[in-house]
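Remarks on the overall topology
Given next are the chains, with one letter for each unit.
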Amino acid sequence: MQQVTERDNRRAGAVMTLLIGLVLVAGVASTVYATKRWWLPPLVSAAAAPIDRLFNIIMVSIGIVFVLTQGLLAWFVWKAARSPRALYWHESKRLESTWTVATAVILTVFIVMGYQIWLTLHTPTAAAAEKSTVVEVWGQQFFWTARYPGPDGQFGKTDPQFVDFQKNPFGIDPNDPAGKDDIVIDGSKGPIVMPADYHVTVKLSSRDVIHSFFVPNLRVKMDAVPGQVTEVYVQPTEPGRYEIACAELCGVGHFAMRGEIEVLPETDWQAWLQQHAGQHGGTAQ
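As a starting point, this report considers the structure included with it. In this text the structure is predicted, and so the values were computed from the model without any measurement. (Residues numbered from 1 in each chain as written. Predicted model: local features only at pLDDT ≥ 70, side-chain atom pairs only at ≥ 80, totals over all residues. Heavy atoms only, no water.)

**Here we look at the state of the cysteines**
What counts is decided by this rule: Cysteine sulfur atoms are paired as a disulfide whenever they fall within 2.5 Å. Any residue under 20% of the maximum accessible area for its type is buried, any over 50% is exposed, and the rest in between are partly exposed; the area is computed with a 1.4 Å probe on protein chains only.
By the definition in use, this model includes zero disulfides. The thiol of cysteine 246 is unpaired, and the distance to the nearest cysteine sulfur, on cysteine 250, comes to 3.9 Å. Overall, cysteine 246 belongs to the buried group, its relative accessible area being 7%.

See the structure below:
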């Protein structure tokens, strides 16, 4: 049987240390490279800025833990290869308690921070804001439809008996004066419009199956559930067009369920409201 010499141990230790070092460098380098090419899309919602902050804090924390653990592993391998005797500890209650408590504390802090952000995004602060508006968004195989209260700021009543998928998809009651200036947009033919620097309440629902309203630039992703209205709050900041994707497998045409949000400056938003007031047919611009 061939004996392993001290020189063999040192050589094996050096090789393993080098491999661990390469993994460490590759992990850091690939993460830095990814941040330049495949990272999050530009954020255009003031309300969602804390999401990015928490995401970055978590990523930095994970990166520090990764570097420390891999660095320690490489150091232990290097030292063990140069030790004439193997060392063994059955257990270390103090060490195990320390890393368990430290991990629990760090995770608890992240949970609390995340919960605060969740409350901010899901509580109706938009109603108290000086600049605020509401838009109803319905998912349907395989497009989005939106309704606005029009220049008067009030939604009209709806009734299923008035539903006409071509002329009145929301079933707006023609006898209700508040509904005469409501605006309905077919998201398959044009963008769903929102004003910049407004607090926008989005009331989500679905006509058929579960969809998911996902706008990466606004950091919004919320399910649209049949028979249920779910509210989310956004505050777009940059005029432009941003993709809506359905993030829930909703049928054979799921791949085609795309749309756009168009964020308009205030003057253009007011002009848009006046121009489209009373448009109930779901035909966009």
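**What about the packing of helix α2 (residues 49-81) against helix α3 (residues 93-122)?**
The following threshold applies: Note on geometry: axes are lines fitted to C-alpha atoms, helical ones only across the stretch in contact, with angles between N-to-C directions running from 0 to 180 degrees. Secondary structure elements are taken from DSSP: a helix is a run of H or I of four residues or more, a strand is a run of E of two residues or more, and numbering for both begins at the N terminus. By the definition adopted for this analysis, an angle is roughly parallel if under 35 degrees, roughly antiparallel if over 145, roughly perpendicular if from 65 to 115, and oblique otherwise. Throughout, a crossing is termed right-handed when the near helix is turned clockwise from the far one, and left-handed when it is turned anticlockwise from it by less than a right angle. Only heavy atoms enter the contact rule, under which two residues are in contact if any of them lie within 4.5 Å.
Relative orientation of the contacting elements α2 and α3 amounts to 165°, with a least axis distance of 10 Å. With respect to α3, the element α2 is oriented roughly antiparallel. The handedness of the crossing between α2 and α3 is left-handed. Here α2 contributes Pro50, Ile51, Leu54, Ile57, Ile58 and Ser61 to the contact with α3, which in turn contributes Phe110, Met113, Gly114, Ile117 and Leu121.

**Some thoughts on the sheet that holds strand β8 (residues 230-234)**
The line we're drawing: At least two bridges found by DSSP between two strands is the condition for calling them paired.
Sheet architecture is open: five strands sit in the order β3-β2-β1-β5-β8, paired in mixed fashion. Looking at the sheet topology across the chains shown, the edges are occupied by β3 (183-186) and β8. With direction set aside, neighbouring strand axes in the sheet form an average angle of 25°. Pairing of strand β1 (residues 132-140) with strand β2 (residues 143-148) involves five bridges; the strand directions are antiparallel. Considered in β2, the bridge of glutamate 136 is made with arginine 147. Along the sheet, helix α4 (residues 266-276) makes contact with β1, β2 and β3, crossing β3 at roughly 95°.

**Quick notes on the nonpolar core**
We count it as follows: In this text, buried Ala, Val, Leu, Ile, Met, Phe, Trp, Tyr and Cys residues form a nonpolar core when linked through side-chain atoms within 4.5 Å.
Formed by 35 residues in total, the largest nonpolar core has its most connected members in Val137, Trp144, Tyr148, Val202, Phe213 and Trp272. Setting aside chain neighbours within four positions, we find valine 202 in contact with Val135, Val137, Met194, Phe213, Thr230, Glu231, Val232 and Val234.

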